[in-house]
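Coordinate inspection notes
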Amino acid sequence: MVKSKSKSNKVGGWLLFFAIVFLLSGVGEVYLFFSTLSGGANNTQELMQLLFAPLLALELFVSASLIFSMKKSALQVVYITLGTMAVAGIINNIVAGDGVDNGLRFIGFVTGPAIYAAWALYFKQSVRVKKTLVK
């Protein structure tokens, strides 16, 4: 019995999932920017949203397009995007103020960067990513 080797040289599986998540997150950041802009930046947290939302939207759209284009440079852009998302989340937790319970703020400090680190590990260790992002 001969085992057939399947080539993972297309965007699929978890790589496709993350590319779609990046696209949808980019749309969410665009919506967040314009909804905050229309309401006015009344506090520091909304000002941070106005600053980070366009940057994150751009990074998320570029990451997704490079993944779908199967470009090797997608890895570097994805790592930068994940780092920016972690930093934006930490800053958002800092400026959230007294309206948020300290226990929830601590969870926000830990879980956000931990999730983005796990995503980065996927991109670093995945065989599909190594075989797909080669152009």
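Quick note: structure is the one above.
Residues numbered from 1 in each chain as written. Predicted model: local features only at pLDDT ≥ 70, side-chain atom pairs only at ≥ 80, totals over all residues. Heavy atoms only, no water.

Counting 25 residues, the largest nonpolar core has Leu15, Phe22, Ile67, Phe123 and Val129 as its most contacted members. No other element matches helix α2 (residues 44-68), which puts 7 residues into this core. Ignoring anything within four residues of it in the chain, the contact list for Ile67 reads Val11, Leu15, Ala19, Phe22, Ala74, Val78, Phe123 and Leu133. (Core = buried A, V, L, I, M, F, W, Y, C linked by side-chain atoms within 4.5 Å. Buried < 20%, exposed > 50% of the residue type's maximum accessible area, 1.4 Å probe, protein only. Helix = DSSP H or I, 4+ residues; strand = E, 2+ residues; numbered from the N terminus. Contact = heavy atoms within 4.5 Å.)

What follows covers the packing of aromatic side chains. The final tally for this structure, using the stated rule, is 11 aromatic pairs. Ring geometry for Phe22 against Trp119: centres 6.1 Å apart, planes inclined by 50 degrees, an arrangement best described as tilted. Remark: Trp119 occurs in helix α4 (residues 102-125) and Phe22 occurs in helix α1 (residues 13-39); sequence separation between them is 97 residues. Residue class for Phe22 comes out buried when judged on its relative accessible area of 0%. Ring pairing ties together the aromatic residues Trp14, Phe17, Phe18, Phe22, Tyr116, Trp119, Tyr122 and Phe123, which thus form one cluster. (Phe/Tyr/Trp six-rings, centres within 6.5 Å; stacked < 30°, edge-to-face > 60°.)

What follows concerns unusual backbone geometry. Glycine aside, residues mostly have negative phi, and peptide bonds are mostly found in the trans state. The phi dihedral of Met70 falls on the positive side, at around 60 degrees, and the residue is not glycine. Relative to the helices and strands, Met70 resides in the loop between α2 and α3 (74-95).

Time to look at the packing of α1 against α2. Two elements in contact, α1 and α2, have axes whose closest approach is 8 Å; the angle formed by their N-to-C orientations is 150 degrees. Here α2 runs roughly antiparallel to α1, going by the angle between their axes. Along this stretch, α1 crosses α2, giving a crossing that reads as left-handed. By residue class, the composition of the contact of α1 with α2 is 21 nonpolar, 5 polar and 2 charged. (Axes fitted to C-alpha atoms, helices over the stretch in contact; angles between N-to-C directions. Parallel < 35°, antiparallel > 145°, perpendicular 65-115°, else oblique. Left-handed = near helix turned anticlockwise from the far one by under 90°. Nonpolar A, V, L, I, M, F, W, Y, C, P; charged D, E, K, R; others polar.)

The values are spatial; any link to function lies outside them.
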